[in-house]
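Descriptive structure summary
In case you want the letters, here they are:
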Amino acid sequence: MSDRNARTRRRGEELIKAIHDAVLEEVVEVGVGRLTMDGIGRRAATPRTTLYRRWSDPIEVLLDALYHQHPVEEPAPGADDLRGDLIRALRLMAEWALSPAGRAVAAILTDPKSAGLMSEALFERVFANRGGTFTRTVLQHYADRGRFPAELLTPVVADIGEALVTKRLIDAGAPPTAEDLAAIVDQAILPAIGFGPRAPQAS
């Protein structure tokens, strides 16, 4: 199929996804400061005018892509599986970190210029609007239902899981194992909210 046919045949969600995928690839390659509508359009095989019909500038395209590709943890409705929900939230976070959206966020936050341009908007328009960090969604759900004292859910506690998963990704260059995730929950998150640490499982 020629580029021209691809441009004329894609519509709706298919076209939006192609543009979202393109901007995530583009920002990893060139950085936020050099992100342009022309560059996104070329990578998506889409005319620049199509982008301007929906977004005012390339940062808006990027934020929209990150918002729509940021997963949201859905805790057990009955708030009856805190440990399982936390492990699933960390697994979701690890999978996202290795996705195009996760790699794009990492590229933004590890580049001082990009972080300066994007960090506030990223946290306000992507993370906050999608429930915050992965384990915060779970912990807030359980605190709101009285499963542990809400005052124990401090910013530090909310970040423990994500910080340890990120360290594991950096140190090992590979996603954490199921045992790694369980250890983070059992030895760090649960004790921080008043639950005694679980003894490590014998191998």
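Owing to the predicted nature of the structure, the values given are computational and were not obtained by experimental measurement.

**A word on unusual backbone geometry**
We note that Ala45 has phi near 55°; this positive angle belongs to a residue other than glycine. On the secondary structure map, Ala45 appears in the loop between helix H3 (37-44) and helix H4 (48-52). In this structure Ala45 comes out as buried when scored by relative accessible area, which is 17%. Positive phi, close to 50°, is recorded for Ala79, a residue that is not glycine. One can find Ala79 in the loop between helix H5 (58-68) and helix H6 (82-97).

**Things to note about the packing of aromatic side chains**
The description of an aromatic ring pair rests on the distance of the ring centres and on the angle between the ring planes. For the coordinates displayed, the defined rule picks out three aromatic pairs. Judged by centre distance (6.3 Å) and plane angle (80°), the rings of Trp96 and Phe127 are edge-to-face. Placement of the pair is Trp96 in helix H6 and Phe127 in helix H8 (residues 112-127), with a sequence separation of 31 residues. For Trp96, a relative accessible area of 11% gives the class buried. Using a relative accessible area of 12% as the deciding quantity, one classes Phe127 as buried. Between Trp96 and Phe134, the ring centres sit 5.8 Å apart and the planes meet at 50°, which makes this aromatic pair tilted. Here Trp96, found in helix H6, pairs with Phe134, found in helix H9 (residues 134-144); they are 38 residues apart in sequence, far enough to count as distant. A connected cluster of aromatic rings, assembled from ring pairs, spans Trp96, Phe123, Phe127 and Phe134.

**Here we look at the packing of H6 against helix H11 (residues 178-192)**
Between two packed helices, what matters for the description is the angle formed by their axes and the separation of those axes. Packing of H6 against H11 leaves a shortest axis separation of 9 Å and a crossing angle of 120°. Between H6 and H11, the crossing angle belongs to the class labelled oblique. The hand of the H6/H11 crossing is right-handed. Only Leu181, Ala182, Ile184, Val185, Asp186, Ile189 and Leu190 of H11 make contact with H6, whose side of the interface consists of Leu82, Arg83, Leu86, Ile87, Leu90 and Arg91. Counted by class, the contact of H6 with H11 contains ten nonpolar, no polar and three charged residues.

Parameters at a glance
- Residues numbered from 1 in each chain as written.
- Predicted model: local features only at pLDDT ≥ 70, side-chain atom pairs only at ≥ 80, totals over all residues.
- Heavy atoms only, no water.
- Helix = DSSP H or I, 4+ residues; strand = E, 2+ residues; numbered from the N terminus.
- Buried < 20%, exposed > 50% of the residue type's maximum accessible area, 1.4 Å probe, protein only.
- Phe/Tyr/Trp six-rings, centres within 6.5 Å; stacked < 30°, edge-to-face > 60°.
- Axes fitted to C-alpha atoms, helices over the stretch in contact; angles between N-to-C directions.
- Parallel < 35°, antiparallel > 145°, perpendicular 65-115°, else oblique.
- Left-handed = near helix turned anticlockwise from the far one by under 90°.
- Contact = heavy atoms within 4.5 Å.
- Nonpolar A, V, L, I, M, F, W, Y, C, P; charged D, E, K, R; others polar.

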